[in-house]
Every structure is written in C-alpha cells, then in structure tokens.
Amino acid sequence: GLNIMVNEHHTTATCTTSVCTIPMAILARETKTARLLCLGLPIANRMDAGRVAEEYAMIDVISRGRLEMGFVKGAPFEVSPANSNPATLMERFWEAHDLILKALTTHDGPFNWEGEHFQFRQVNVWPRPYQQPHPPVWMTVASPGSAAEAGARGHVIASLNTGYLRTPDIFKSYREAAAGVGKEATKDRFAYLAIIGVGETDEEGKRRAHQILDYSRTTPRAAAQFWFPPGYTANEVTAEKLHNRSPLMIPLRDGGEFVMQTGSVDEFVNAGVAFAGNPDTVFEQVREFNDHVGGLGHLLMMGQGGHISHEDTVGNLTLFSQEVLPRLAEL
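Below you will find a few notes about this structure. What you see is a predicted model, and the numbers here were worked out from it, not measured in a lab.

1. Things to note about the pairing of strand β6 (residues 137–141)
In step 1: A large share of β6 lies buried, amounting to 4 of its 5 residues.
In step 2: Of the pairings in the sheet, the one linking strand β3 (residues 67–72) to β6 comprises 3 bridges and is parallel in character. Note that in β6 the partner of F71 across the bridge is M139.
In step 3: With 4 bridges connecting them, β6 and strand β7 (residues 156–160) associate as parallel partners. Bridge pairing in β7 places M139 opposite I157.
In step 4: Each parallel crossover has a hand, and for β6 linked through helix α4 (residues 144–153) to β7 it is right-handed.

Structure, rendered in structure tokens:
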C-alpha cells in the first residue's frame, strides 16, 4: 500500500541519488500500481529544461501514467557547483517551470523559446506524457511566499522540517492564494515529510527514529557560506543565519528551539519533524499534526536513512504499512 518517492542532491553525501529519474525509470518497470513521485529535480540548476520534460514524459509512459513530477529549488550548497547565480535562481526556476509545462502540453507542432535564461529551437517532446495534460506537479516549500506561488498554480506542496510552528502558516498562505484565483485547495494539495520510526514498543520505534535522524544531524555539516549564498535568501535572513553559530535551528512546539545537528528524538517529535513509537503512538502523533495544520492528503514517510540497518528498515516499513497506514484513511 505504500507509494514511492525518490529525490536527488548534488556534490554532497546527503543523498546518494544524484539523478532521481534513473531509479524512477527502473521503478516504473519494477512496480505495477504504486504512484512514483520524483521530489524532485532542481530545475533552476539543470542546464537543459527541455531534457527534464523529455525524461518525465518517458517515465510517465513506461509507468502507464503513475508519475508525479516534482520541481524544486534545490539545496543552497548546490548553487556554487552548478555555477548558478543565487540572486536570479527563482527567476530561472519559474522560467524552467513554464518551459517544461509548455513542452509537455504542446502537440500542434514544435515551438521556439526565447527566454531570459533559456533559449531553445524547435522544442518537440516525444513521446508525449501518458497523463494528460501532464503528470501532477509537486513543489517543496519552506515559506508562506513559496506556498502562495504554488497555490496560485494549483500544484501539490510538500513541507519538510517546518514542524508545528511553521507549517500552519505555509498551508494557510497556499489556501489564500488558491482562493484568490478561484481554485479550491483540497487536502490532496498538501503533503508533509516526516522522519518516522515505528516499533513493536515505543522504545523500539524511538530507536529506529534515532538512527534515521542521523541523516538530519549530519546534513547541515557544511560551511555557512555554502548554506546561504548571497541572494539565495533575503538579506536579513542570510545575515541572521550567518550570525548564528548553528545555521539550522528547529523551533519546538512549546517554545524555544534546538540545533538540528544535536537534536534528540524527543526534541524532533516535539517539533513535529519526527513521529516515533509503537503503531498507536505514531498514529496519534500523525492525527494530532494533521488536525493542527488543517488537514493534509499526503504523508511522506522517511523510514530509512542515517545508520538504520536493512533489517530495521524492513521492519519499520512493514510495521507502518500494516499497523499505521490502514488507519490513516479515517483522516
């Protein structure tokens, strides 16, 4: 009953999938019913947006219409290796977004594209995507502003590490922007990614979550100038982060904050970034979070990572799918 999500990152050890469309193409043949989500391609740092359209269309055909395609800004430490200008990254992102969707939905002949960041002659995607007019679009968002941009376009948004304090404002901004253009923001437009550890006991679930969370604890270990390149975020945000000795702080639900690199399982659970325990405990944590943010249609389970073993990964995914997933339908 589980669907599959694959992402990609570059020039770091935080993710060993450097091109998510390659494993997704394999999964398109190896699976039969699962939805396949690429979340996603950092389209502002891909030199050939037309190639992105071709890759997604081909996977959609191979999978017979099971692809969900994600467009993401990318991590800040991927800007320098891509030789991108961080100050114009979002301009490039939205131009790539528009070009890809036009390429997937234009079937009356080739077209030329003369943009600020991309120039193409005779764009002509073959084969066309299996899903018409194109596969569903997902975006990761971390701020109300980004959520509003996605809401105005009706895309699915996924929040990561935004927890109890930040997620409600992000979802609210999406709903308001969608309503402003006459769109209904149904629950299937909202997704949330959480580290999830499920065990036969609370202790076992927390142990598994603790091992997975080593991913989160090691991900921020990069020099501050690579985390916040000039122009990537607003100047005041960059100044604040550079001034802080620990560049990534996570707010707790009950006030205060903790450093991602050293956080405990209980702190991550308190923040709403992780759900951990036995099946009943995890379900109650998910239910409470779902109610708190006003409802969401997709729970993105990070059930592996860090130093968790293969055996614990299988146990975690199996127990979740058997004991937690069936109960989520009532939400």
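2. A look at the packing of aromatic side chains
In step 1: A full pass over the atoms with the stated rule returns 9 aromatic pairs.
In step 2: Ring geometry for Y56 and F71: centres 6.2 Å apart, planes at 45°, overall tilted. Here the residue Y56 occupies a position in helix α2 (residues 49–62), and F71 occupies one in strand β3, the gap between them amounting to 15 residues. Across the pair, F71 and Y56 agree in class, each one buried.
In step 3: When the ring of Y174 is compared with that of F190, the centres are 5.0 Å apart and the planes differ by 65°; the resulting orientation is edge-to-face. In this pair, Y174 is assigned in helix α5 (residues 163–180) and F190 in strand β8 (residues 190–198), connecting sequence segments 16 residues apart.
In step 4: For Y174, a relative accessible area of 1% corresponds to the buried category.
In step 5: We classify F190 as buried; its relative accessible area is 1%.
In step 6: Here the basic side chain of K73 rests over the ring of Y232, its NZ or CZ set 3.8 Å away from the ring centre.
In step 7: When the ring centre of F111 is taken as origin, the NZ or CZ atom of K102, which lies over that ring, is 4.6 Å away.

3. Observations regarding the side chain of T313
In step 1: Within the secondary structure, T313 is located in helix α12 (residues 310–328).
In step 2: In this structure T313 touches G303, Q304 and I308, once residues within four positions along its chain are discounted.

Each value, and the rule that gives it
Residues numbered from 1 in each chain as written. Predicted model: local features only at pLDDT ≥ 70, side-chain atom pairs only at ≥ 80, totals over all residues. Heavy atoms only, no water. Buried < 20%, exposed > 50% of the residue type's maximum accessible area, 1.4 Å probe, protein only. Helix = DSSP H or I, 4+ residues; strand = E, 2+ residues; numbered from the N terminus. Pairing = 2+ DSSP bridges. Right-handed = clockwise from strand over helix to strand, strands pointing away. Phe/Tyr/Trp six-rings, centres within 6.5 Å; stacked < 30°, edge-to-face > 60°. Lys NZ or Arg CZ within 6 Å of the ring centre and 35° of its normal. Contact = heavy atoms within 4.5 Å.

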